[in-house]
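Chain and residue survey
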Amino acid sequence: MKKYNAFQIKLLMALLMVLDHLPHIPGLVPPVWAGIFHVLTRCVAVWFAYMAVEGFVHTHSRLRYNLRLFLWSGIMLLGNLLLNRLLGSRGIAVYNNIFLTLALGVLLLNLLWGSRTPGRPWAAAARILGALAVSLFGLVFAEGALVLLPFMVITYGLREKPRLRNTLYFLWGGLLLAASYVPYETVEETVSMFLYNSDGMFFTVLPFLYLYNGQRGPNTRFSKYFFYVFYPAHLWLIAVIAYFAA
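This structure is a prediction, so every number in the text was calculated from the model and none was measured.

Attention shifts here to the environment of Phe170. Of note, Phe170 is situated in helix H8 (residues 162-180). Classification of Phe170 as partly exposed rests on a relative accessible area of 44%. Dropping the residues within four chain positions of it, Phe170 is found in contact with Phe203 and Leu206.

Helical periodicity: at 3.6 residues per turn, an α-helix aligns residues three or four positions apart in one direction. With 16 residues, helix H5 (residues 98-113) should cover 22 Å at 1.5 Å per step; its first-to-last C-alpha distance of 22 Å lies within 8% of that length. Taking burial as the measure, the 16 residues of H5 include 12 buried ones, the bulk of the element. For H5, the complete set of buried residues consists of Ile98, Phe99, Leu100, Thr101, Leu102, Ala103, Leu104, Gly105, Val106, Leu108, Leu109 and Asn110. On its buried side, H5 packs onto helix H3 (42-58), helix H4 (62-87), helix H6 (122-141), helix H7 (145-157) and helix H11 (221-245).

To continue, consider the layout of surface pockets. There is about 1200 Å³ of room inside the largest pocket. Around the largest pocket, the lining is made up of 45 residues, and of these Asp20, His38, Arg42, Asn96 and Glu143 lie nearest the centre. Counting residues per element, the ones that place at least two in the lining of the largest pocket are helix H1 (6-21), helix H2 (31-40), H3, H7, H8, helix H9 (187-196) and H11. For the lining of the largest pocket, the element with the highest residue contribution is H11, accounting for 6 residues. Considering only residue class, the lining of the largest pocket consists of 28 nonpolar, 13 polar and 4 charged. Approximately 850 Å³ is the volume found for the second largest pocket. In terms of lining, the second largest pocket is formed by 27 residues, of which the most central are Gly55, Tyr65, Arg68, Arg216 and Lys224. Elements with a contribution of two residues or more to the lining of the second largest pocket: H1, H3, H4, H5 and H11. Here the lining of the second largest pocket gets 6 residues from one element, more than from any other, and that element is H3. Residue classes in the lining of the second largest pocket are distributed as 13 nonpolar, 8 polar and 6 charged.

Taken together, the side chains of Arg64, Arg216, Arg221 and Lys224 make up a positively charged region of the molecular surface. Structurally, Arg64 can be placed in helix H4.

Once that is clear, we can look at the environment of Asp199. Of note, Asp199 is situated in the loop between H9 and helix H10 (206-211). The spacing of Asp199 and Thr167 is 32 residues in sequence and 17 Å in space, taken between C-alpha atoms. Sequence-distant contacts of Asp199, defined by excluding residues within four places in its chain, comprise His38, Arg42 and Val147. Of the polar contacts made by the side chain of Asp199, one reaches the side chain of Arg42; its length is 3.1 Å.

Turning our attention to the packing of H1 against H11. H11 packs onto H1 with a crossing angle of 5 degrees between their chain directions and a minimal axis gap of 11 Å. As the angle between them shows, H1 and H11 are arranged roughly parallel. Of the residues in H11, those touching H1 at Phe7, Lys10, Leu11, Ala14, Met17, Val18 and His21 are Phe222, Ser223, Phe226, Phe227, Phe230, Tyr231, His234, Leu235 and Ile238. When its residues are assigned to classes, the contact of H1 with H11 shows 12 nonpolar, 3 polar and 1 charged.

This next bit is on a nonpolar patch on the surface. Together, Leu136, Phe137, Leu139, Val140, Phe141 and Leu146 make up an exposed nonpolar region whose accessible area comes to about 630 Å². Sort the elements by how many residues they give to the nonpolar patch and H6 lands first, with 5 residues. By the secondary structure assignment, Phe141 is in helix H6.

A few words on the packing of H3 against H7. The contact between H3 and H7 brings their axes to 10 Å, and the two run at 45 degrees. Here H7 runs oblique to H3, going by the angle between their axes. For the pair H3 and H7, the sense of crossing is right-handed. For the pair H3 and H7, contact is made by Ala45, Val46, Ala49, Tyr50, Ala52, Val53, Phe56 and Val57 and by Val147, Leu148, Phe151, Met152, Thr155 and Tyr156, respectively.

Within soluble globular proteins, side chains that are nonpolar generally end up buried alongside one another. Within the largest apolar cluster, 54 residues are counted, with the highest numbers of intra-cluster contacts made by Met13, Trp47, Leu102 and Phe151. If one sorts the elements of this core by residue count, H3 sits on top with 11 residues. In contact with Leu102, other than residues within four places in its own chain, are Phe48, Ala49, Ala52, Leu69, Met152 and Phe227. Within the second largest apolar cluster, 8 residues are counted, among which are Leu100, Leu104, Ala131 and Ala145.

Rules and cut-offs
Residues numbered from 1 in each chain as written. Predicted model: local features only at pLDDT ≥ 70, side-chain atom pairs only at ≥ 80, totals over all residues. Heavy atoms only, no water. Helix = DSSP H or I, 4+ residues; strand = E, 2+ residues; numbered from the N terminus. Buried < 20%, exposed > 50% of the residue type's maximum accessible area, 1.4 Å probe, protein only. Contact = heavy atoms within 4.5 Å. Expected span 1.5 Å × (residues − 1). 1 Å grid on protein atoms, 1.4 Å probe; cavity = no way out; pocket = protein on both sides within 12 Å on 5 of 7 lines; lining within 4 Å. Points joined across faces, edges and corners; volume = space filled by probe spheres on them. Nonpolar A, V, L, I, M, F, W, Y, C, P; charged D, E, K, R; others polar. Patch = residues over 30% accessible without salt bridge, like charges linked within 9 Å, V, L, I, M, F, W, Y side chains within 5 Å. Areas by Shrake-Rupley, 256 points an atom, 1.4 Å probe, with all protein chains shown as cover. Salt bridge = Lys/Arg side-chain N within 4 Å of Asp/Glu carboxyl O. Lys, Arg positive; Asp, Glu negative; His and termini not counted. Charge placed at Lys NZ, Arg CZ, Asp CG, Glu CD. Polar contact = N/O pair within 3.5 Å; in protein donor to acceptor, adjacent residues only side chain to side chain. Axes fitted to C-alpha atoms, helices over the stretch in contact; angles between N-to-C directions. Parallel < 35°, antiparallel > 145°, perpendicular 65-115°, else oblique. Left-handed = near helix turned anticlockwise from the far one by under 90°. Core = buried A, V, L, I, M, F, W, Y, C linked by side-chain atoms within 4.5 Å.

Here is the structure:
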């Protein structure tokens, strides 16, 4: 069952990621297919969140790992600001920045499960307050935080209890789906909006978790930085194409 390493699955997720963002190009993808693509790709962000948790577990320095995620979130933010300034005349804008969400998620794990200082009871309260502050900040400013931050906490906290972990995935996903369901005047419109608001289907990542063999795959600079480069690059390229297609 566990056949594929992290890099192999990462390549598949990158392909699915492109499918989800192709509808940003005007006229390229029919609305029905855009909705289908959106549902099929609900596993992508949570897979990378799972990999961030894996990184938190296995990295030699949790601080450096966390700082690297924040660094790339800053790079993406600056790139987005520049691109939006250049392409804004036709209403083209990129606001995605999953790096920020992953960085906040890892910070949350550091606050809840990082190294502790003995003999300082106030430190536990400070960590909990810090975790609450990070969560609130993420919910307001970070892409997909309502799904990804709880997912990362559940994934790490229950990494030795996969059945309970999976149960909580389904419960949280079901609550999000129920909260997002709104009946519209027609069945077509209701289905279309439900497909668009289908983030609760993040539990579709589960088959990939069971296909993952726990191995990193190639240990090269390309494999290490592939996602860091590919994620912003493909969004910026799609934005440029959308600008000329508009």
